[in-house]
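Examining the three-dimensional arrangement
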Amino acid sequence: MILLNPGPVNLSNGVREALAGPDLCHREPEFSDLQDSVRQRLLEVYGLGEEHWAAVLLAGSGTAALEAMLTSIVPQKSTLLVIENGVYGERMTRMATVHGIACRRVPHAWSAAIDLKAVAQTLEEQRDVTHVAVVHHETTTGRLNGLARLGEICQAHGAQLLVDAVSSFGAEALDFENSPIAACAGTANKCLHGAPGVSFVIARRQALFSSAVAPRTLYLDLASYCREQDKRSTPFTQPVHVLYALAQALEEFGQEGGWRARHRRYSKLARTVREGLQSLEIEPLLSEQETSVVLSAYRLPAALGYDALHDALKARGFTIYAGQGRFKDNLFRISTMGAITSGDIERLLLAFRELVPLRASLSGAS
Ligand SMILES: *Cc1c(COP(=O)(O)O)cnc(C)c1O
């Protein structure tokens, strides 16, 4: 089955084989070596140094990393500003609310770009905001939210960024050194091509060990994970085999040329999908400039319901992904993450051509 959903992704043979690695106790030095190497390689993805940055590994999906990031870094006495332009931004507001973190929102329509004026105005009015949470790649729509200008605005107001990079880490540019990113959350089974079960937070050490933050949860307290992992230990059981797979995935990631190579590869596949679907008059929700290379959202052809399209493609070996929430009935999504090839995408387009009868062009002879 070719997975075109935004994670979990198709695994390479090497990653799949790594899952069958030897049984190992997480209190043994072999585990510590594995943990050290994964943490080190995660920092290397964006060339970060261990002195100022830490990669903290967590058992759990990307949401665990996000909840750990928000609860462990925002001080008790400050306010979090959440930028919402899709499901994942709105979910961060819910996390903050659940944990009693004082929170302000900048809501947007799901298909809208971030309104930087509104963000600046809120920061102007709300002087107790110390952190701004934003989704880098809003997987709801495929929109890549630009962080450069937003970072400048935050910096001007003394606020730091907390980034949901769950579906962009490893395939889109992230400028850690020149932007006020305090931390970002990522996961093994999206752009890094690992297996589901491990996620991580990349954080400035200064932000992790701030004395202004008291733990809000026991299990998701990043400072205690980081302290233990720095000592080559772990507070709780880690999914050992999933970490073998992530180590192998990071090895292959490096061999293939790192995030820039992955960006180019996704970009090529995504463009093939876009052009192929447009030739069938299936239009993307957003322009190519606004969209990540990781996933695009498309308008469902009028004649075809989502379930029928999904089931027919699944019968041909492809899993596509529905729109979320209010987009359930009018969008579908296609991701190009994972160990898939341009041949897989060509076959996908052939399947679409069978399913979507080409409507006569209304534009005449042109
Ligand atoms: C997939 C995703 C998540 C949630 O990740 P899970 O692994 O399902 O918990 C969070 N944010 C974004 C932007 C995502 O794409």
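Residues numbered from 1 in each chain as written. Predicted model: local features only at pLDDT ≥ 70, side-chain atom pairs only at ≥ 80, totals over all residues. Heavy atoms only, no water.

What follows covers the side chain of T141. Here T141 is to be found in the loop between β6 (137–138) and β7 (143–144). Looking at T141, the relative accessible area reads 1%, which means it is buried. Leave out the neighbours within four places in its chain, and T141 touches W110, S111, L285, L286, L295, A297 and F327. (Helix = DSSP H or I, 4+ residues; strand = E, 2+ residues; numbered from the N terminus. Buried < 20%, exposed > 50% of the residue type's maximum accessible area, 1.4 Å probe, protein only. Contact = heavy atoms within 4.5 Å.)

Attention now moves to unusual backbone geometry. In this model, G7 is joined to P8 through a cis peptide bond whose omega is -5°. Inspection of the secondary structure assignment puts P8 in the loop between β1 (2–3) and α1 (13–18). In this model, R232 sits at a positive phi of 65°, which is unusual for a non-glycine residue. One can find R232 in the loop between α8 (222–230) and α9 (240–255). Relative accessible area serves as the criterion here: at 32%, R232 is assigned to the partly exposed category. For E281, which is not glycine, the phi torsion reads 65° and is therefore positive.

Counting buried residues along strand β5 (residues 129–135), 6 of its 7 residues qualify, which places the element largely inside the surrounding structure. Summarising the sheet, strand β3 (residues 79–84) and β5 pair through 4 bridges and their orientation is parallel. Looking at the pairing, V82 lines up with A133 of β5. (Pairing = 2+ DSSP bridges.)

Core analysis: the largest hydrophobic core is formed by 53 residues, its most contacted members being V38, L42, V132, F169, F176 and I202. If we skip the residues at most four places from it in the chain, L42 touches A55, L57, F169, L192, F200, I202 and L250. In terms of nonpolar packing, the next biggest core, distinct from the first, is built from 40 residues, V74, V166, A182 and A203 among them. (Core = buried A, V, L, I, M, F, W, Y, C linked by side-chain atoms within 4.5 Å.)

Here we come to helix α11 (residues 306–315). Count 3.6 residues to each turn of an α-helix, and residues three or four apart come out pointing the same way. All of the buried residues along α11 are Y306, L309, H310, A312 and L313. Looking at the buried residues of α11, the elements they touch are β12 (318–319), β13 (321–322), β14 (331–335) and α12 (342–355). G317 lies just past α11 and shows a positive phi near 100°.

Right, let's talk about the sheet that holds strand β11 (residues 295–299) for a bit. Spatially, 3 strands are ordered β11-β14-β13 in an open sheet, and the strand pairing comes out antiparallel. For this open sheet the edge positions go to β11 and β13, each flanked by a neighbour on one side alone. The pairing of β11 with β14 spans 5 bridges and is antiparallel. When the sheet's bridge partners are listed, S296 is paired in β14 with I334. Strands β11 and β14 of the sheet are contacted by helix α10 (residues 258–278), whose axis makes an angle of about 10° with β11. (Axes fitted to C-alpha atoms, helices over the stretch in contact; angles between N-to-C directions.)

Without other data, these values stay purely geometric and don't point to any function.
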